[in-house]
Structures are given as structure tokens and as C-alpha cells.
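Spelled out, the chains give:
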Amino acid sequence: MGIDWIDMFNLWSVPFDTLCNQVSAVSRPCFAEARAQLQAEHPAVFDDSLGHCKKTKVKLFLKPNAKPVFCSKRPVPFNTIPLVDAELTRLQSLGIIAPIDFSEWAAPIVAVRKPNGKVRICADYSTGLNEALEANHYPLPTPEEIFAQLNESTIFSIIDLSDAYLQVEVDEESKKLLTINTHRGLFQFNRLAPGVKSAPGTFQRLVDSMIADIPGVRSFLGDAIIFERTWEEHKASLDKLLQRLGENGFRVKLEKCHFFQTEIRYQILRIRIQRSFKPSPLFRHPPMFPKFDRSWEPLISTADSCATSMNFVILSTNYSRRIRSGSGIPFANGLLSNSSKSCSPICC
């Protein structure tokens, strides 16, 4: 703000913090209000119950001459039995699994302890079923394919489907293949179970067909990213995606969703809008920095280190430029001092 404007509005006696607080108070509630509006407009999508896809059932295909494989149950540690029992009861109450008396197929289970102290029950289908199943060759999107569409986007949202695979039912014949053998007997999965060889391609095809006509939306398995240039375009795409999820019976995990962000983490990568760049003080040799093309915006930047050196890379989301250069642009690298060699991988 120039002196002329301060004189015009008679702001010399107004504390600067007051102006900053007023600007902050006007801009921040906009995002919170929009998020609350989304929850009010799509209550079913944000419901805590497990979703159930209404449009289709998944079918698993066996290879010709495939022979059934029946595996015995694995022993469960004594102190883990109550946790496994509680999880089996929960899955049965949700209709995810159902007890059966006989099956030609059976896979053992693995109980994985979660951070909250409970366990996740995973079927080990590598014991025979996966080898007998036909693979689903539907391609999963690569980071390059997703980044190619992020060019010039300024607002991002992430939608996380709650227990994504378990929201999709399998047909009656496929249920027989997904039998698990536990210390409480046999159970068959009624939903698409994690660990099935063909599950990723099957689920990706289902989600892609569901969102194909929605602009500014891409998915990777159970996560969807929404990206647009303007608030209005972003809100429209987000509304349409949530409406489509509701129509198909899907549910999202609210605590893992992020709305109307200028910086996000998508899978293992961090994406942000960066309008200017200043070399880090860590790099003490200015001649090492090549000329920087400021028209390459927005940017995706990352850094990593090993025992002796650090590399800093900038990727332009303008995919055509990236193809011409052949890869990301190594912006700077330098040797680490003894005190810096123990640093862990970072994202900037």
C-alpha cells in the first residue's frame, strides 16, 4: 500500500495489525463455510456407514483348468484373539463377510495391528487364488498423466473413499472364491477384498467410468483429486463428483478429505502453487543455479538426500515443456556438511 493511498483513506492512525486481521477474517471463513455447505448438500456421501455400490457387481475370472486351493487356518497369538474376534464380528455385522460351512477355496488371514490398537484382517490370497485368477489389465494412471492435467490449476481438493474396495459387491460365484479360513471357521467375502490380484484394475475401471464426464477430476484407486483454475469451476466439479458418488452408493472418509487447498499431498507427492522462487540458503554457490524460466507455473518441487549429497528438483506441470526437456529440471545440488548428512528426505 503506497503513501498516497494511506493519505486518501486516512489510515496513518490505524494500527497495521488491524488491517491484517480484517483481511484474514474475511478470507478464511469462506473455505470453512464452503466445506460445511458441501456436507449439508451431500449428507449421504459423508455418512459414517459403509458404502455399497448400487450400479454393478464385480466378477472374478478364473484361468482355464484352474484347480481350487484350500489352505488351513493360521495360528493366532493368544493375546490377539479378542481383537481378531471383535473385527470378525464387526465385518459380519456390516455384511462384508458371512459364515459358511463348506468351500473348495480358502485362504488364511493375516491380522495387522493398526495405530489405534485394533486390527485389520487381511486375506492372504497369494497362497493360491491369485495364481488362479485372470489378471485385470486396465491401466492405473501414472503421476505424469495426472500432472499433465494439473497445469494452471490453482485450487485442489482430495476425496478419500472409505474402505474403497469393500464398498463394491462381488457376484455370487466370485464370493465362493474369496473364502477365508479363521480360528472361528470359514467366512466368505461379499465385497471386493483387498489383496485380490485383479482388484486394482477392476476398481480403477469402475471409478474412471463413473467420473469420466466430470471436468477437473482424476482418480487413483480410492483417492480422487479435483483441480481447477477458479473457485466457481472447482466448486462445480466438486459438487458434481459428490453427487455422482452419492448416486452410486459410495461413502467418503471426511477426516481424510481436503477441500479448496492451494497445496496438497496426493499419494506420495506434494503439489503446491508457487508464484515465486528463492534459492534456499542451504546452497551457498550461486553459480550452480541455472536460469529459471518463471513462466513455468505452477510448480511441483521436491528434494531428497543421501549420505553425502542433496538434490533439489523442480517439475513444471506444463507437461509439454517437460517432454521437451526429457525429465524434471535439476535445479540445484550440493554437498552436505557433516551436520547435514543425517537429514531425512523432505518435500518443499
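That block above? That's the structure.
Please read these numbers as outputs of a predicted model, since none were measured by experiment. (Residues numbered from 1 in each chain as written. Predicted model: local features only at pLDDT ≥ 70, side-chain atom pairs only at ≥ 80, totals over all residues. Heavy atoms only, no water.)

1. With respect to the overall build of the protein chain
Going by this rule: In DSSP terms, a helix is any run of H or I states spanning at least four residues, a strand is any run of E spanning at least two, and both are numbered starting from the N terminus. Burial classes: relative accessible area under 20% of the type maximum marks a residue as buried, over 50% as exposed, and values in between as partly exposed (1.4 Å probe, protein chains only). The contact criterion used is simple: two residues touch if any of their non-hydrogen atoms lie within 4.5 Å. To be clear on the numbers: accessible area is Shrake-Rupley with a 1.4 Å probe, and residue cover counts the displayed protein chains and nothing else.
Assigned secondary structure in the protein chain consists of nine helices and 14 strands. For the protein chain, buried positions account for 42% of its 348 residues. In the protein chain, 74% of the contacts between residues at least 6 apart in sequence involve partners at least 24 apart. For the protein chain, the accessible area works out to roughly 19700 Å², and carbon and sulfur atoms hold 56% of it.

2. Quick look at the pattern of salt bridges
Spelled out, the test is: The working definition used for a salt bridge is a side-chain nitrogen of Lys or Arg within 4 Å of a carboxyl oxygen of Asp or Glu.
By the definition in use, this model includes 13 salt bridges. Salt-bridge contacts for Lys235 lead to Asp239; the nearest nitrogen and oxygen are separated by 2.6 Å. Here Lys235 pairs with Asp239, and both are found in helix α8 (residues 231–247), just four residues apart, close to one helical turn. The two residues Lys235 and Asp239 agree in class, both being buried. Across the pair Glu247 and Arg244 runs a salt bridge, and its minimum N-O distance is 3.9 Å. Pair noted here: Glu247 and Arg244 are both in helix α8, with a separation of three residues, about one helical turn. With relative accessibility at 40%, the residue Glu247 sits in the partly exposed group.

3. A closer look at the pairing of strand β7 (residues 217–220)
Put simply, the test is: What makes two strands pair is DSSP finding at least two bridges between them.
Sheet topology places β7 next to strand β8 (residues 223–228); four bridges connect them, and they run antiparallel. Across the sheet, Arg218 pairs through a bridge with Ile225, a residue of β8. Connecting the antiparallel pair β7 and β8 is a turn made up of two residues, with Leu221 showing a positive phi of about 55°.

4. Points about the sheet that holds β8
The line we're drawing: The convention used is that axes are lines fitted to C-alpha atoms, helices contributing only their stretch in contact, and that angles between N-to-C directions extend from 0 to 180 degrees.
The four strands are arranged β7-β8-β4-β9 in an open sheet whose pairing can be described as antiparallel. For this open sheet the edge positions go to β7 and β9 (258–261), each flanked by a neighbour on one side alone. Strand-to-strand twist in this sheet, taken as the mean axis angle between neighbours without regard to direction, amounts to 15°. Across two bridges, the pairing between strand β4 (residues 155–160) and β9 is antiparallel. Looking at β9, one finds that Ile158 is bridged to His258.

5. Focus on helix α3 (residues 81–93)
Applicable threshold: One less than the number of residues in a helix, times 1.5 Å, gives the span that helix is expected to have. The directions from the helix axis to the C-beta atoms form the arc being described.
Compared with an ideal rise of 1.5 Å per residue, which puts 13 residues at 18 Å, α3 spans 18 Å between its outermost C-alpha atoms and is within 8% of the ideal. Every buried residue of α3 is accounted for by Val84, Glu87, Leu88 and Leu91. Seen end-on, α3 carries its buried residues on one side only, within an arc spanning 100°. In α3, the exposed residues that point more than 90 degrees away from the buried face are Pro82 and Ser93. In this fold, the buried residues of α3 make contact with β1 (97–100), β2 (107–113), β3 (119–123) and β5 (179–182). At the exit of α3 stands Gly95, carrying a positive phi of roughly 80°.

6. Notes on the nonpolar core
Note the threshold: As used here, the term nonpolar core means buried Ala, Val, Leu, Ile, Met, Phe, Trp, Tyr and Cys residues forming a set that is joined through side-chain atoms within 4.5 Å.
One finds Tyr125, Ile159, Phe189, Leu241, Leu245 and Phe250 to be the most contacted residues of the largest nonpolar core, which totals 58 residues. Looking at this core element by element, the count peaks at six residues for helix α7 (residues 199–211). Not counting chain neighbours up to four residues away, the residues in contact with Phe250 comprise Val45, Cys53, Leu161, Gln167, Val168, Phe203, Leu206, Met210 and Leu245. Grouped together as the second largest cluster of nonpolar side chains are seven residues, Ile146, Phe147, Phe156 and Ile158 included.

7. Quick look at the side chain of Glu169
Spelled out, the test is: What qualifies as a polar contact is a pair of N or O atoms within 3.5 Å, subject to a donor-acceptor requirement within protein and to the restriction that residues adjacent in sequence count only when both atoms come from side chains.
Position of Glu169 relative to the elements: it lies in the loop between β4 and α6 (172–177). Here the side chain of Glu169 touches Lys175 through a polar contact of 3.3 Å, side chain to side chain. Aside from chain neighbours lying at most four places away, what touches Glu169 is His52, Thr56, Lys57, Val58, Lys175, Asn190 and Arg191.

8. Quick notes on the environment of Pro75
As for its position among the elements, Pro75 is in the loop between α2 (16–41) and α3. Judged by its relative accessible area of 76%, Pro75 is exposed. When the C-alpha positions of Pro75 and Pro108 are compared, they lie 9.6 Å apart, and in sequence the two are 33 residues distant.

9. A closer look at the sheet that holds β5
With mixed pairing, five strands are arranged side by side in an open sheet as β1-β6-β5-β2-β3. Looking at which strands have only one partner, the edges of the open sheet turn out to be β1 and β3. Strand-to-strand twist of the sheet, defined as the mean angle between neighbouring strand axes without regard to direction, takes the value 40°.

10. Observations regarding unusual backbone geometry
Located in the positive-phi region is Asn65, a residue other than glycine, with phi close to 65°. Note on placement: Asn65 falls in the loop between α2 and α3. Even without being glycine, Leu221 reaches a positive phi, approximately 55°. Relative to the helices and strands, Leu221 resides in the loop between β7 and β8.

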